[in-house]
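# Structure at a glance
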Amino acid sequence: MSGTTNTTNTTNTTGTTGTTTATAGHRPLRDLISVEDLDVEQVTAILDTAERLAEIAARPIKKVPTLRGRTVCNLFMEDSTRTRISFDIAAKRLSADVINFSAKGSSVSKGESLKDTALTLKALGVDAVVVRSASSGAPIQLKRYLDVPILNAGDGWHQHPTQALLDLYTMRRHLGRLEGLKVGICGDILHSRVARSEVQALKLMGAEVVLVAPPTLLPPKVESWGVEVAHDVDAFLPDLDVLYLLRVQRERMHRAFVPSMREYARVWGIGSDRLARLKPEAIVMHPGPMNRGIEITGDVADSDRAVITEQVANGTAVRMACLYLLLAGGTDAEVGA
Ligand code: NCD
(Lines give C-alpha, C1' and ligand atoms only; values in the text may rest on other atoms or scores of the structure.)
Protein backbone atom coordinates (compact mmCIF):
# COMPACT_ATOMS: atom_id res chain seq x y z
CA MET A 1 0.00 0.00 0.00
CA SER A 2 1.37 3.35 -0.95
CA GLY A 3 -0.92 5.14 1.47
CA THR A 4 -1.52 7.83 -1.12
CA THR A 5 -4.96 9.12 -1.97
CA ASN A 6 -5.99 9.37 -5.58
CA THR A 7 -8.50 12.14 -5.74
CA THR A 8 -10.33 12.30 -9.02
CA ASN A 9 -12.74 14.90 -10.22
CA THR A 10 -15.84 13.44 -11.76
CA THR A 11 -18.90 14.83 -13.40
CA ASN A 12 -22.15 13.13 -12.49
CA THR A 13 -25.05 12.51 -14.82
CA THR A 14 -26.47 15.94 -14.17
CA GLY A 15 -23.24 17.49 -15.38
CA THR A 16 -22.06 18.90 -12.07
CA THR A 17 -18.51 18.23 -10.98
CA GLY A 18 -17.77 16.45 -7.74
CA THR A 19 -14.77 14.89 -6.08
CA THR A 20 -14.56 11.22 -5.20
CA THR A 21 -11.89 9.16 -3.52
CA ALA A 22 -13.17 5.69 -4.39
CA THR A 23 -9.69 4.56 -5.43
CA ALA A 24 -8.04 5.91 -2.28
CA GLY A 25 -5.24 3.91 -0.82
CA HIS A 26 -4.71 1.16 -3.37
CA ARG A 27 -1.26 0.16 -4.59
CA PRO A 28 -0.70 1.95 -7.94
CA LEU A 29 -1.23 -0.20 -11.02
CA ARG A 30 1.84 -0.47 -13.25
CA ASP A 31 0.66 -3.12 -15.75
CA LEU A 32 -2.27 -5.47 -16.13
CA ILE A 33 -0.72 -8.74 -17.15
CA SER A 34 -2.19 -11.30 -14.77
CA VAL A 35 -4.92 -11.37 -12.14
CA GLU A 36 -2.28 -12.93 -9.87
CA ASP A 37 -0.57 -9.52 -9.67
CA LEU A 38 -3.70 -7.80 -8.30
CA ASP A 39 -4.88 -7.42 -4.72
CA VAL A 40 -8.39 -6.84 -3.38
CA GLU A 41 -7.94 -3.05 -3.13
CA GLN A 42 -6.77 -2.78 -6.73
CA VAL A 43 -9.65 -4.88 -8.07
CA THR A 44 -12.10 -2.81 -6.01
CA ALA A 45 -10.52 0.40 -7.34
CA ILE A 46 -10.91 -0.81 -10.95
CA LEU A 47 -14.56 -1.80 -10.41
CA ASP A 48 -15.40 1.45 -8.58
CA THR A 49 -13.68 3.56 -11.24
CA ALA A 50 -15.57 1.66 -13.96
CA GLU A 51 -18.81 2.38 -12.12
CA ARG A 52 -18.07 6.10 -12.32
CA LEU A 53 -16.90 6.00 -15.93
CA ALA A 54 -19.90 3.98 -17.15
CA GLU A 55 -22.10 7.06 -17.23
CA ILE A 56 -19.98 8.57 -20.03
CA ALA A 57 -21.50 5.96 -22.38
CA ALA A 58 -24.96 7.37 -21.63
CA ARG A 59 -24.03 10.90 -22.70
CA PRO A 60 -24.80 12.24 -26.19
CA ILE A 61 -21.08 13.07 -26.55
CA LYS A 62 -19.30 10.01 -25.23
CA LYS A 63 -15.87 11.52 -24.71
CA VAL A 64 -13.81 13.05 -21.91
CA PRO A 65 -10.36 14.64 -22.29
CA THR A 66 -8.65 12.53 -19.58
CA LEU A 67 -6.02 10.85 -21.79
CA ARG A 68 -5.63 13.62 -24.37
CA GLY A 69 -2.12 13.57 -25.82
CA ARG A 70 -1.48 9.93 -24.79
CA THR A 71 -1.03 7.20 -27.39
CA VAL A 72 -2.34 3.69 -26.82
CA CYS A 73 -1.33 0.89 -29.17
CA ASN A 74 -3.68 -2.06 -29.62
CA LEU A 75 -1.38 -4.87 -30.71
CA PHE A 76 -3.61 -7.77 -31.74
CA MET A 77 -1.79 -10.85 -32.98
CA GLU A 78 -4.79 -13.17 -32.63
CA ASP A 79 -8.45 -12.85 -33.69
CA SER A 80 -10.76 -10.83 -31.52
CA THR A 81 -14.07 -9.01 -31.88
CA ARG A 82 -15.32 -7.83 -28.48
CA THR A 83 -12.02 -7.29 -26.70
CA ARG A 84 -10.43 -5.42 -29.57
CA ILE A 85 -13.37 -3.13 -30.27
CA SER A 86 -13.94 -2.53 -26.58
CA PHE A 87 -10.30 -1.49 -25.91
CA ASP A 88 -10.47 0.73 -29.00
CA ILE A 89 -13.67 2.47 -27.84
CA ALA A 90 -12.39 2.71 -24.25
CA ALA A 91 -9.22 4.55 -25.28
CA LYS A 92 -11.13 6.82 -27.67
CA ARG A 93 -13.74 7.74 -25.04
CA LEU A 94 -10.87 8.92 -22.87
CA SER A 95 -9.47 10.95 -25.85
CA ALA A 96 -6.27 8.92 -26.25
CA ASP A 97 -4.77 8.58 -29.73
CA VAL A 98 -5.14 4.93 -30.75
CA ILE A 99 -2.95 2.89 -33.06
CA ASN A 100 -4.56 -0.38 -34.11
CA PHE A 101 -1.74 -2.71 -35.05
CA SER A 102 -2.52 -6.16 -36.37
CA ALA A 103 0.49 -8.46 -36.55
CA LYS A 104 -1.37 -11.56 -37.67
CA GLY A 105 0.17 -13.39 -40.60
CA SER A 106 3.71 -12.17 -40.01
CA SER A 107 6.29 -14.66 -41.24
CA VAL A 108 8.94 -13.52 -38.79
CA SER A 109 9.52 -15.97 -35.94
CA LYS A 110 7.41 -15.10 -32.89
CA GLY A 111 10.15 -14.03 -30.48
CA GLU A 112 11.92 -11.79 -32.98
CA SER A 113 8.71 -10.37 -34.32
CA LEU A 114 7.62 -9.36 -30.85
CA LYS A 115 10.99 -7.82 -30.01
CA ASP A 116 11.12 -5.86 -33.26
CA THR A 117 7.54 -4.73 -32.83
CA ALA A 118 8.26 -3.63 -29.28
CA LEU A 119 11.33 -1.67 -30.36
CA THR A 120 9.31 0.01 -33.10
CA LEU A 121 6.57 0.98 -30.66
CA LYS A 122 9.21 2.30 -28.28
CA ALA A 123 10.75 4.41 -31.03
CA LEU A 124 7.31 5.77 -31.91
CA GLY A 125 6.75 6.80 -28.30
CA VAL A 126 3.56 4.92 -27.39
CA ASP A 127 2.35 5.40 -23.80
CA ALA A 128 0.64 2.01 -23.30
CA VAL A 129 0.32 -1.27 -25.19
CA VAL A 130 -2.72 -3.53 -25.19
CA VAL A 131 -1.60 -6.94 -26.41
CA ARG A 132 -3.39 -10.08 -27.51
CA SER A 133 -1.33 -13.06 -28.57
CA ALA A 134 -1.70 -16.78 -29.14
CA SER A 135 1.52 -17.22 -27.14
CA SER A 136 1.24 -17.45 -23.37
CA GLY A 137 3.74 -15.03 -21.89
CA ALA A 138 3.83 -12.54 -24.81
CA PRO A 139 2.85 -9.57 -22.56
CA ILE A 140 5.69 -10.40 -20.14
CA GLN A 141 8.08 -10.62 -23.09
CA LEU A 142 6.96 -7.20 -24.34
CA LYS A 143 7.60 -5.72 -20.93
CA ARG A 144 11.29 -6.63 -21.32
CA TYR A 145 11.60 -4.16 -24.18
CA LEU A 146 9.04 -1.50 -23.34
CA ASP A 147 8.89 0.57 -20.21
CA VAL A 148 5.22 1.58 -20.55
CA PRO A 149 2.09 -0.03 -19.05
CA ILE A 150 1.23 -3.33 -20.74
CA LEU A 151 -2.39 -4.51 -20.71
CA ASN A 152 -2.93 -8.18 -21.45
CA ALA A 153 -5.94 -8.66 -23.75
CA GLY A 154 -5.51 -12.47 -23.71
CA ASP A 155 -2.34 -14.55 -24.07
CA GLY A 156 -2.59 -18.17 -25.20
CA TRP A 157 -4.16 -20.36 -22.51
CA HIS A 158 -2.66 -18.19 -19.78
CA GLN A 159 -4.61 -15.07 -18.77
CA HIS A 160 -7.34 -12.65 -19.81
CA PRO A 161 -7.50 -10.24 -16.87
CA THR A 162 -9.84 -7.60 -18.30
CA GLN A 163 -12.41 -10.29 -19.15
CA ALA A 164 -12.36 -11.45 -15.53
CA LEU A 165 -12.68 -7.86 -14.29
CA LEU A 166 -15.63 -7.05 -16.53
CA ASP A 167 -17.28 -10.27 -15.39
CA LEU A 168 -16.81 -9.34 -11.72
CA TYR A 169 -18.23 -5.91 -12.51
CA THR A 170 -21.28 -7.50 -14.17
CA MET A 171 -21.82 -9.91 -11.25
CA ARG A 172 -21.48 -7.10 -8.70
CA ARG A 173 -24.01 -4.94 -10.58
CA HIS A 174 -26.55 -7.74 -10.82
CA LEU A 175 -26.13 -9.48 -7.52
CA GLY A 176 -24.87 -6.60 -5.36
CA ARG A 177 -21.77 -8.38 -4.07
CA LEU A 178 -18.95 -10.76 -4.93
CA GLU A 179 -18.16 -12.19 -1.53
CA GLY A 180 -20.00 -15.44 -0.90
CA LEU A 181 -21.38 -15.78 -4.44
CA LYS A 182 -21.39 -19.28 -5.84
CA VAL A 183 -20.17 -19.26 -9.45
CA GLY A 184 -20.29 -22.40 -11.59
CA ILE A 185 -18.02 -22.46 -14.64
CA CYS A 186 -19.05 -25.03 -17.24
CA GLY A 187 -17.33 -25.93 -20.50
CA ASP A 188 -13.90 -26.09 -22.07
CA ILE A 189 -11.82 -25.11 -19.06
CA LEU A 190 -8.65 -26.77 -20.35
CA HIS A 191 -8.11 -24.31 -23.22
CA SER A 192 -9.54 -21.27 -21.47
CA ARG A 193 -7.46 -18.31 -20.36
CA VAL A 194 -10.77 -16.76 -19.26
CA ALA A 195 -11.31 -19.61 -16.78
CA ARG A 196 -7.81 -19.18 -15.32
CA SER A 197 -8.24 -15.43 -14.76
CA GLU A 198 -11.86 -15.82 -13.66
CA VAL A 199 -11.10 -18.40 -10.97
CA GLN A 200 -8.24 -16.32 -9.53
CA ALA A 201 -10.29 -13.11 -9.54
CA LEU A 202 -13.36 -14.73 -7.98
CA LYS A 203 -11.32 -16.43 -5.25
CA LEU A 204 -9.50 -13.17 -4.52
CA MET A 205 -12.81 -11.39 -4.02
CA GLY A 206 -14.24 -14.11 -1.76
CA ALA A 207 -16.56 -15.91 -4.19
CA GLU A 208 -16.87 -19.68 -4.29
CA VAL A 209 -16.15 -21.42 -7.60
CA VAL A 210 -17.26 -24.83 -8.88
CA LEU A 211 -16.04 -26.19 -12.20
CA VAL A 212 -17.88 -28.73 -14.33
CA ALA A 213 -16.56 -30.13 -17.62
CA PRO A 214 -15.91 -33.38 -19.44
CA PRO A 215 -12.81 -34.89 -17.78
CA THR A 216 -10.85 -34.39 -21.03
CA LEU A 217 -11.57 -30.63 -20.93
CA LEU A 218 -10.38 -30.13 -17.36
CA PRO A 219 -6.77 -28.98 -16.94
CA PRO A 220 -4.25 -31.43 -15.50
CA LYS A 221 -3.65 -30.71 -11.80
CA VAL A 222 -6.98 -28.87 -11.54
CA GLU A 223 -6.85 -29.69 -7.79
CA SER A 224 -4.11 -27.05 -7.51
CA TRP A 225 -6.67 -24.38 -8.55
CA GLY A 226 -8.21 -24.77 -5.08
CA VAL A 227 -11.82 -24.98 -6.26
CA GLU A 228 -14.50 -27.65 -6.23
CA VAL A 229 -14.89 -29.86 -9.31
CA ALA A 230 -18.38 -31.24 -9.99
CA HIS A 231 -19.17 -34.07 -12.37
CA ASP A 232 -22.91 -33.78 -12.92
CA VAL A 233 -24.26 -30.62 -14.60
CA ASP A 234 -27.86 -31.13 -13.44
CA ALA A 235 -26.83 -31.58 -9.82
CA PHE A 236 -24.55 -28.50 -9.79
CA LEU A 237 -27.06 -25.99 -11.21
CA PRO A 238 -29.54 -25.41 -8.32
CA ASP A 239 -26.93 -23.99 -5.91
CA LEU A 240 -25.46 -21.37 -8.25
CA ASP A 241 -25.81 -17.58 -8.25
CA VAL A 242 -23.96 -17.39 -11.57
CA LEU A 243 -23.71 -19.96 -14.34
CA TYR A 244 -20.66 -19.06 -16.46
CA LEU A 245 -20.49 -20.94 -19.76
CA LEU A 246 -17.37 -21.37 -21.86
CA ARG A 247 -17.02 -22.01 -25.55
CA VAL A 248 -15.68 -25.31 -26.82
CA GLN A 249 -12.44 -24.00 -28.36
CA ARG A 250 -12.25 -26.22 -31.42
CA GLU A 251 -9.40 -24.18 -32.93
CA ARG A 252 -7.17 -25.19 -30.00
CA MET A 253 -8.07 -28.89 -30.18
CA HIS A 254 -5.58 -31.00 -32.07
CA ARG A 255 -7.18 -34.29 -31.10
CA ALA A 256 -10.67 -35.52 -30.20
CA PHE A 257 -11.43 -34.20 -26.71
CA VAL A 258 -15.15 -34.99 -27.00
CA PRO A 259 -16.84 -37.69 -29.10
CA SER A 260 -18.85 -35.16 -31.17
CA MET A 261 -20.34 -31.70 -30.83
CA ARG A 262 -23.83 -33.21 -30.80
CA GLU A 263 -22.85 -35.43 -27.89
CA TYR A 264 -21.27 -32.45 -26.08
CA ALA A 265 -24.46 -30.41 -26.52
CA ARG A 266 -26.59 -33.24 -25.14
CA VAL A 267 -24.46 -33.98 -22.08
CA TRP A 268 -22.96 -30.58 -21.21
CA GLY A 269 -24.96 -27.98 -23.13
CA ILE A 270 -27.41 -25.63 -21.37
CA GLY A 271 -30.91 -25.40 -22.80
CA SER A 272 -34.18 -24.15 -21.30
CA ASP A 273 -34.79 -27.42 -19.41
CA ARG A 274 -31.52 -26.96 -17.53
CA LEU A 275 -32.07 -23.20 -17.16
CA ALA A 276 -35.19 -24.05 -15.14
CA ARG A 277 -32.99 -25.78 -12.55
CA LEU A 278 -31.23 -22.51 -11.65
CA LYS A 279 -32.41 -20.29 -8.78
CA PRO A 280 -34.82 -17.61 -10.08
CA GLU A 281 -32.32 -14.80 -9.43
CA ALA A 282 -29.27 -16.62 -10.89
CA ILE A 283 -27.71 -15.15 -14.03
CA VAL A 284 -26.13 -16.80 -17.07
CA MET A 285 -22.86 -15.43 -18.43
CA HIS A 286 -20.61 -16.20 -21.40
CA PRO A 287 -17.48 -14.31 -22.53
CA GLY A 288 -18.33 -14.82 -26.23
CA PRO A 289 -17.98 -15.82 -28.93
CA MET A 290 -20.82 -18.29 -28.33
CA ASN A 291 -21.36 -21.55 -30.14
CA ARG A 292 -25.15 -21.43 -30.18
CA GLY A 293 -26.52 -24.96 -30.11
CA ILE A 294 -23.40 -26.40 -28.47
CA GLU A 295 -22.61 -25.05 -24.97
CA ILE A 296 -25.72 -22.83 -24.95
CA THR A 297 -28.98 -22.97 -26.89
CA GLY A 298 -30.31 -19.90 -28.69
CA ASP A 299 -33.26 -19.61 -26.24
CA VAL A 300 -30.94 -19.49 -23.23
CA ALA A 301 -28.58 -17.01 -24.91
CA ASP A 302 -31.53 -14.74 -25.70
CA SER A 303 -33.39 -15.25 -22.42
CA ASP A 304 -33.71 -12.55 -19.78
CA ARG A 305 -31.50 -14.63 -17.46
CA ALA A 306 -28.52 -14.15 -19.80
CA VAL A 307 -26.44 -10.99 -19.30
CA ILE A 308 -24.08 -11.65 -22.20
CA THR A 309 -24.58 -8.37 -24.06
CA GLU A 310 -24.30 -6.48 -20.76
CA GLN A 311 -20.91 -8.13 -20.27
CA VAL A 312 -19.84 -6.62 -23.59
CA ALA A 313 -21.15 -3.16 -22.68
CA ASN A 314 -19.53 -3.33 -19.24
CA GLY A 315 -16.24 -4.29 -20.90
CA THR A 316 -15.85 -0.76 -22.23
CA ALA A 317 -16.28 0.87 -18.81
CA VAL A 318 -13.90 -1.60 -17.16
CA ARG A 319 -11.26 -1.12 -19.87
CA MET A 320 -11.63 2.65 -19.57
CA ALA A 321 -11.02 2.24 -15.84
CA CYS A 322 -7.91 0.12 -16.45
CA LEU A 323 -6.49 2.62 -18.96
CA TYR A 324 -7.33 5.51 -16.65
CA LEU A 325 -5.71 3.94 -13.59
CA LEU A 326 -2.62 2.84 -15.54
CA LEU A 327 -2.10 6.08 -17.44
CA ALA A 328 -3.57 8.78 -15.23
CA GLY A 329 -3.94 7.08 -11.82
CA GLY A 330 -2.01 8.74 -9.05
CA THR A 331 -2.53 12.13 -10.65
CA ASP A 332 -5.44 14.47 -10.35
CA ALA A 333 -6.40 13.97 -14.00
CA GLU A 334 -10.05 14.64 -14.56
CA VAL A 335 -12.28 11.70 -15.30
CA GLY A 336 -15.47 13.32 -16.31
CA ALA A 337 -14.90 16.88 -17.39
C1 NCD B 1 -12.45 -15.26 -25.01
C2 NCD B 1 -10.99 -15.28 -25.42
O3 NCD B 1 -10.61 -14.77 -26.47
O4 NCD B 1 -10.24 -15.81 -24.62
N5 NCD B 1 -13.24 -14.32 -25.66
C6 NCD B 1 -13.18 -13.00 -25.34
O7 NCD B 1 -12.13 -12.41 -25.19
N8 NCD B 1 -14.36 -12.39 -25.18
C9 NCD B 1 -13.05 -16.61 -24.96
C10 NCD B 1 -13.08 -17.45 -26.19
O11 NCD B 1 -12.42 -17.21 -27.19
O12 NCD B 1 -13.83 -18.44 -26.15
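Attention here is on the structure that accompanies the text.

Reading the values: the criteria
- Going along each chain's sequence as written, the residues are numbered from 1 onward.
- Given that the model is predicted, a residue must reach a pLDDT of at least 70 before its local features are reported, and side-chain atom pairs must reach 80 or more before they are shown or counted; all residues, however, enter totals for whole chains, interfaces and linings.
- Heavy atoms throughout the structure, all of them, feed into the side-chain values; hydrogens and water do not.
- In DSSP terms, a helix is any run of H or I states spanning at least four residues, a strand is any run of E spanning at least two, and both are numbered starting from the N terminus.
- We call a residue buried when its accessible area falls under 20% of the maximum for its residue type, exposed when it is over 50%, and partly exposed in between, using a 1.4 Å probe and counting protein chains only.
- Contact definition: two residues touch when any of their heavy atoms are within 4.5 Å.
- Accessible surface is estimated by sampling points in the Shrake-Rupley manner with a 1.4 Å probe; for residues, cover comes only from the protein chains shown.
- Any residue with an atom within 4 Å of a point lines the site, the site being either a cavity, points on a 1 Å grid over the protein atoms alone where a 1.4 Å probe fits but cannot get out, or a pocket, an open set with protein on both sides within 12 Å along at least 5 of 7 lines.
- Grid points are joined across faces, edges and corners, and a volume is the space filled by probe spheres set on the points.
- Segmentation into domains, and thus their bounds, comes from an automatic or database assignment.
- To get an axis, fit a line to the C-alpha atoms, keeping to the stretch in contact for a helix; angles then go from 0 to 180 degrees between the N-to-C directions.
- Left-handed describes a crossing whose near helix is turned anticlockwise from the far helix through less than a right angle; right-handed describes the clockwise counterpart.
- Amino acid classes used here: Ala, Val, Leu, Ile, Met, Phe, Trp, Tyr, Cys and Pro are nonpolar; Asp, Glu, Lys and Arg are charged; the rest, including Gly, are polar.
- We count a salt bridge whenever a side-chain nitrogen from Lys or Arg sits within 4 Å of a carboxyl oxygen from Asp or Glu.

### Brief notes about the overall build of the protein
Counting its secondary structure elements, the protein contains eleven helices and eleven strands. Counting all 337 residues of the protein, 56% fall into the buried class. A fraction of 74% describes how many contacts in the protein between residues 6 or more apart in sequence connect residues 24 or more apart. When the accessible surface of the protein is split by element, carbon and sulfur atoms take 51% of a total near 14300 Å².

### Brief notes about empty space enclosed by the protein
By the definition in use, this model includes one cavity of 30 Å³ or more. Of the pockets and cavities examined, the largest cavity occupies roughly 60 Å³. Lining the largest cavity, in full, are Arg82, Thr83, Gln163, Leu166, His286, Pro287, Ile308, Gln311, Val312 and Arg319. Looking at the lining of the largest cavity, the elements that each hand over two or more residues are helix 2 (82–93), helix 5 (161–175) and helix 11 (308–327). Top element by residues in the lining of the largest cavity is helix 11. It accounts for four residues. Built from parts of two domains, the lining of the largest cavity gets at least three residues from each of domain 1 (5–156 + 314–327) and domain 2 (161–306).

### A look at the packing of helix 1 (residues 40–53) against helix 11
Where helix 1 contacts helix 11, the two axes come as close as 8 Å, and the packing angle between them is 115°. The two elements helix 1 and helix 11 meet at a crossing, and its hand is right-handed. Across the interface between the two elements, Ala45, Ile46, Thr49, Ala50 and Leu53 from helix 1 touch Ala317, Val318, Met320, Ala321, Cys322, Tyr324 and Leu325 from helix 11. Taken together, the residues of the contact of helix 1 with helix 11 break down into eleven nonpolar, one polar and no charged.

### Focus on the layout of surface pockets
Within this model, the largest pocket holds a volume of roughly 460 Å³. Taken together, 22 residues make up the lining of the largest pocket; nearest its centre are Arg132, Arg193, Arg247, Gly288 and Pro289. Looking at the lining of the largest pocket, the elements that each hand over two or more residues are helix 2 and helix 6 (193–204). Here the lining of the largest pocket is composed, by residue class, of five nonpolar, nine polar and eight charged. Both domains that meet at the lining of the largest pocket, namely domain 1 (5–156 + 314–327) and domain 2 (161–306), each give it at least three residues.

### What about the pattern of salt bridges?
Enumeration according to the criterion identifies 14 salt bridges in this entry. Between arginine 193 and glutamate 78 there is a salt bridge; the shortest N-O distance is 2.8 Å. One end of the pair, arginine 193, is in helix 6; the other, glutamate 78, is in the loop between strand 3 (71–76) and helix 2, with 115 residues separating them in the sequence. You can call arginine 193 buried: its relative accessible area is 7%. In this structure glutamate 78 comes out as buried when scored by relative accessible area, which is 16%. Note that aspartate 234 is salt-bridged to arginine 274, the shortest N-O span being 2.9 Å.

### Remarks on the environment of glutamate 78
Here the alpha-carbon distance between glutamate 78 and aspartate 155, two residues 77 residues apart in the chain, equals 9.0 Å. Beyond its immediate sequence surroundings of up to four residues, glutamate 78 is in contact with Arg132, Ser133, Ala134, Arg193 and Arg252.

### Some remarks on unusual backbone geometry
That bond from glycine 288 to proline 289 is cis: its omega, -5°, falls within 30 degrees of zero. Non-glycine residue serine 95 carries a positive phi angle of around 70°. Despite not being glycine, lysine 221 shows a phi value in the positive range, around 60°. Here lysine 221 lies in the loop between strand 8 (208–212) and strand 9 (228–230). We classify lysine 221 as exposed; its relative accessible area is 64%.

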